Amino acid sequence: MKRCVIVGGADINNYSYIRNCLREDDYIIFCDSGLKHMDALQVIPGLIVGDFDSHDNPHFDIETIVLPCEKDDTDTVFAVKEALKRGFDDFLLIGVVGARLDHTLGNVSILLYLDSLGKKGIIIDDYSEMEIISNKPAYIEDSYAFFSLLNVTGTAKGITIENAKYPLENAEITCEYQYGISNEVLPGRRAKVTVLEGKLLLIKDRG
(Lines give C-alpha, C1' and ligand atoms only; values in the text may rest on other atoms or scores of the structure.)
Protein backbone atom coordinates (compact mmCIF):
# COMPACT_ATOMS: atom_id res chain seq x y z
CA MET A 1 0.00 0.00 0.00
CA LYS A 2 1.31 3.45 -0.86
CA ARG A 3 2.15 5.94 1.85
CA CYS A 4 -0.11 8.92 2.45
CA VAL A 5 1.59 12.29 2.94
CA ILE A 6 -0.43 15.01 4.67
CA VAL A 7 0.78 18.58 4.07
CA GLY A 8 -0.28 21.25 6.57
CA GLY A 9 0.19 24.98 6.63
CA ALA A 10 2.98 25.36 9.21
CA ASP A 11 6.21 26.89 7.94
CA ILE A 12 8.73 24.76 6.09
CA ASN A 13 12.19 26.25 5.57
CA ASN A 14 14.28 23.26 4.52
CA TYR A 15 12.34 22.25 1.42
CA SER A 16 15.30 20.33 0.02
CA TYR A 17 15.35 17.96 2.99
CA ILE A 18 11.59 17.49 2.98
CA ARG A 19 11.56 16.77 -0.76
CA ASN A 20 14.20 14.09 -0.22
CA CYS A 21 11.85 12.40 2.27
CA LEU A 22 9.12 12.04 -0.34
CA ARG A 23 8.63 9.07 -2.65
CA GLU A 24 7.44 9.04 -6.22
CA ASP A 25 4.42 6.89 -5.37
CA ASP A 26 3.29 8.88 -2.30
CA TYR A 27 -0.36 9.87 -2.22
CA ILE A 28 -0.34 13.57 -1.29
CA ILE A 29 -3.13 15.39 0.53
CA PHE A 30 -2.83 19.16 0.90
CA CYS A 31 -4.75 20.78 3.74
CA ASP A 32 -5.95 24.35 3.15
CA SER A 33 -2.93 26.68 3.62
CA GLY A 34 -0.63 23.73 3.09
CA LEU A 35 -1.18 24.56 -0.58
CA LYS A 36 1.40 27.33 -0.19
CA HIS A 37 4.05 24.57 -0.12
CA MET A 38 2.97 22.88 -3.35
CA ASP A 39 5.36 24.62 -5.75
CA ALA A 40 8.38 24.36 -3.43
CA LEU A 41 7.71 20.67 -2.74
CA GLN A 42 7.32 20.05 -6.47
CA VAL A 43 4.47 17.57 -6.04
CA ILE A 44 0.90 17.34 -7.31
CA PRO A 45 -1.83 16.55 -4.76
CA GLY A 46 -4.08 13.56 -5.11
CA LEU A 47 -6.58 15.31 -2.85
CA ILE A 48 -7.14 18.79 -1.41
CA VAL A 49 -9.19 19.32 1.77
CA GLY A 50 -9.98 22.41 3.75
CA ASP A 51 -12.42 25.08 4.79
CA PHE A 52 -10.23 27.61 2.93
CA ASP A 53 -10.23 30.13 5.73
CA SER A 54 -6.47 30.58 5.41
CA HIS A 55 -5.94 29.94 1.69
CA ASP A 56 -8.08 30.51 -1.37
CA ASN A 57 -9.62 27.45 -2.98
CA PRO A 58 -7.46 27.10 -6.12
CA HIS A 59 -10.21 25.25 -8.00
CA PHE A 60 -7.70 22.90 -9.59
CA ASP A 61 -8.88 19.96 -11.66
CA ILE A 62 -8.07 17.81 -8.62
CA GLU A 63 -10.43 16.13 -6.18
CA THR A 64 -11.26 18.72 -3.51
CA ILE A 65 -13.32 18.35 -0.35
CA VAL A 66 -14.60 21.70 0.93
CA LEU A 67 -15.23 21.64 4.67
CA PRO A 68 -17.32 23.96 6.85
CA CYS A 69 -15.39 26.47 8.95
CA GLU A 70 -17.21 25.40 12.11
CA LYS A 71 -16.42 21.74 12.80
CA ASP A 72 -14.89 19.43 15.40
CA ASP A 73 -11.99 18.16 13.27
CA THR A 74 -9.21 20.40 12.02
CA ASP A 75 -8.48 20.19 8.30
CA THR A 76 -5.47 18.01 9.09
CA VAL A 77 -7.43 15.58 11.26
CA PHE A 78 -10.12 15.36 8.58
CA ALA A 79 -7.46 14.58 5.98
CA VAL A 80 -6.07 11.76 8.11
CA LYS A 81 -9.53 10.27 8.69
CA GLU A 82 -10.32 10.52 4.99
CA ALA A 83 -7.07 8.73 4.13
CA LEU A 84 -7.90 5.99 6.65
CA LYS A 85 -11.25 5.50 4.92
CA ARG A 86 -9.32 5.04 1.67
CA GLY A 87 -7.24 2.26 3.19
CA PHE A 88 -3.92 3.91 4.00
CA ASP A 89 -1.83 2.43 6.83
CA ASP A 90 1.37 4.47 6.54
CA PHE A 91 1.41 8.24 7.09
CA LEU A 92 3.96 11.04 6.84
CA LEU A 93 2.87 14.46 8.10
CA ILE A 94 4.76 17.60 7.08
CA GLY A 95 4.03 21.27 7.68
CA VAL A 96 2.08 20.38 10.83
CA VAL A 97 4.30 21.71 13.65
CA GLY A 98 5.34 25.32 14.03
CA ALA A 99 4.31 28.69 15.45
CA ARG A 100 0.77 27.68 16.49
CA LEU A 101 1.36 25.59 19.63
CA ASP A 102 -2.30 24.56 19.78
CA HIS A 103 -2.17 23.16 16.26
CA THR A 104 1.25 21.62 16.93
CA LEU A 105 0.03 19.70 19.99
CA GLY A 106 -3.17 18.73 18.22
CA ASN A 107 -1.21 17.39 15.27
CA VAL A 108 1.21 15.47 17.50
CA SER A 109 -1.87 13.78 18.98
CA ILE A 110 -2.63 12.48 15.50
CA LEU A 111 0.36 10.18 15.96
CA LEU A 112 -1.32 8.76 19.06
CA TYR A 113 -4.56 8.34 17.14
CA LEU A 114 -2.83 6.47 14.33
CA ASP A 115 -0.92 4.27 16.78
CA SER A 116 -4.16 3.37 18.55
CA LEU A 117 -5.42 2.05 15.20
CA GLY A 118 -2.25 0.07 14.53
CA LYS A 119 -1.15 2.49 11.80
CA LYS A 120 2.28 3.99 11.24
CA GLY A 121 2.68 7.76 11.55
CA ILE A 122 5.69 10.07 11.44
CA ILE A 123 5.97 13.85 11.61
CA ILE A 124 8.97 15.50 9.98
CA ASP A 125 9.89 19.17 10.30
CA ASP A 126 12.98 21.23 9.54
CA TYR A 127 14.84 19.89 12.56
CA SER A 128 13.45 16.59 13.75
CA GLU A 129 11.37 13.46 13.25
CA MET A 130 8.62 12.35 15.63
CA GLU A 131 6.89 9.02 16.16
CA ILE A 132 5.10 7.07 18.88
CA ILE A 133 6.69 4.13 20.68
CA SER A 134 4.19 1.68 22.15
CA ASN A 135 4.15 -2.08 21.64
CA LYS A 136 7.13 -2.34 19.27
CA PRO A 137 10.79 -1.40 19.83
CA ALA A 138 12.12 1.76 18.23
CA TYR A 139 15.64 2.13 16.93
CA ILE A 140 17.71 5.30 16.60
CA GLU A 141 20.81 5.52 14.43
CA ASP A 142 23.89 7.40 15.60
CA SER A 143 23.47 9.85 12.71
CA TYR A 144 20.98 11.78 14.85
CA ALA A 145 22.46 14.46 17.10
CA PHE A 146 20.01 13.82 19.96
CA PHE A 147 16.83 11.98 20.77
CA SER A 148 14.20 12.63 23.40
CA LEU A 149 11.44 10.56 24.96
CA LEU A 150 8.35 12.37 26.22
CA ASN A 151 5.40 10.92 28.11
CA VAL A 152 2.32 12.24 26.33
CA THR A 153 -0.34 9.86 27.64
CA GLY A 154 0.02 9.86 31.43
CA THR A 155 1.39 6.33 31.72
CA ALA A 156 4.78 5.13 30.52
CA LYS A 157 6.42 2.31 32.44
CA GLY A 158 8.92 -0.43 31.83
CA ILE A 159 11.06 1.85 29.69
CA THR A 160 14.40 0.46 28.58
CA ILE A 161 17.01 2.38 26.58
CA GLU A 162 20.04 0.56 25.22
CA ASN A 163 23.20 1.77 23.46
CA ALA A 164 22.71 5.38 24.54
CA LYS A 165 24.67 7.86 26.66
CA TYR A 166 21.91 7.77 29.26
CA PRO A 167 20.57 4.18 29.44
CA LEU A 168 17.47 3.12 31.33
CA GLU A 169 16.17 -0.22 32.52
CA ASN A 170 12.54 -0.83 33.48
CA ALA A 171 12.09 2.88 34.24
CA GLU A 172 9.10 5.20 34.37
CA ILE A 173 8.70 8.66 32.86
CA THR A 174 5.78 10.73 34.10
CA CYS A 175 4.10 13.72 32.51
CA GLU A 176 5.16 15.76 35.55
CA TYR A 177 8.87 14.92 35.24
CA GLN A 178 10.13 14.67 31.68
CA TYR A 179 13.73 13.63 32.23
CA GLY A 180 14.13 11.75 28.93
CA ILE A 181 15.24 14.79 26.92
CA SER A 182 18.45 15.17 24.85
CA ASN A 183 19.86 11.67 25.00
CA GLU A 184 22.55 10.57 22.55
CA VAL A 185 23.20 7.36 20.66
CA LEU A 186 26.64 5.91 21.45
CA PRO A 187 29.02 6.40 18.48
CA GLY A 188 28.90 3.50 16.08
CA ARG A 189 25.91 1.96 17.86
CA ARG A 190 22.17 1.83 17.33
CA ALA A 191 19.99 2.78 20.27
CA LYS A 192 16.96 0.68 21.13
CA VAL A 193 13.92 1.86 23.11
CA THR A 194 11.14 -0.35 24.43
CA VAL A 195 8.07 0.45 26.53
CA LEU A 196 6.10 -2.20 28.42
CA GLU A 197 3.16 -0.02 29.42
CA GLY A 198 1.88 3.16 27.83
CA LYS A 199 3.30 5.22 25.00
CA LEU A 200 6.15 7.65 24.46
CA LEU A 201 6.73 10.35 21.90
CA LEU A 202 10.14 9.83 20.32
CA ILE A 203 11.73 12.96 18.86
CA LYS A 204 14.91 12.45 16.85
CA ASP A 205 16.87 15.66 16.37
CA ARG A 206 18.99 15.81 13.23
CA GLY A 207 21.18 18.59 14.66
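What you see is a predicted model; the values in this text were computed from it and never measured.

As a further point, take unusual backbone geometry. With a phi angle near 50 degrees, Asn170 is a residue other than glycine that sits in the positive phi range. Following the sequence through the fold, Asn170 ends up in strand S11 (residues 168-171). Look at Ser182: it is not a glycine, yet its phi comes out positive at around 60 degrees. Within the secondary structure layout, Ser182 lies in the loop between S11 and strand S12 (190-194). Judged by its relative accessible area of 38%, Ser182 falls in the partly exposed class.

Here the focus is the environment of Glu63. Positionally, Glu63 belongs in the loop between strand S3 (47-50) and strand S4 (64-66). What makes Glu63 partly exposed here is its relative accessible area of 40%. Sequence separation between Glu63 and Asp51 is 12 residues, and the spatial gap between their C-alpha atoms is 14 Å. Not counting residues within four places of it along the chain, the set of residues in contact with Glu63 comprises Tyr27, Gly46, Leu47, Ile48 and Arg86.

Before going further, it helps to spend a moment on the side chain of Ser134. The residue Ser134 is located in the loop between strand S7 (128-133) and strand S8 (138-141) in this model. Side chain to side chain, Ser134 and Asp115 meet in a polar contact 2.9 Å long. Side chain to side chain, Ser134 and Asn135 meet in a polar contact 3.4 Å long. Look past the residues within four positions of Ser134 in its chain and what remains in contact with it is Asp115, Val195, Gly198 and Lys199.

Conventions adopted
Residues numbered from 1 in each chain as written. Predicted model: local features only at pLDDT ≥ 70, side-chain atom pairs only at ≥ 80, totals over all residues. Heavy atoms only, no water. Helix = DSSP H or I, 4+ residues; strand = E, 2+ residues; numbered from the N terminus. Buried < 20%, exposed > 50% of the residue type's maximum accessible area, 1.4 Å probe, protein only. Contact = heavy atoms within 4.5 Å. Polar contact = N/O pair within 3.5 Å; in protein donor to acceptor, adjacent residues only side chain to side chain.

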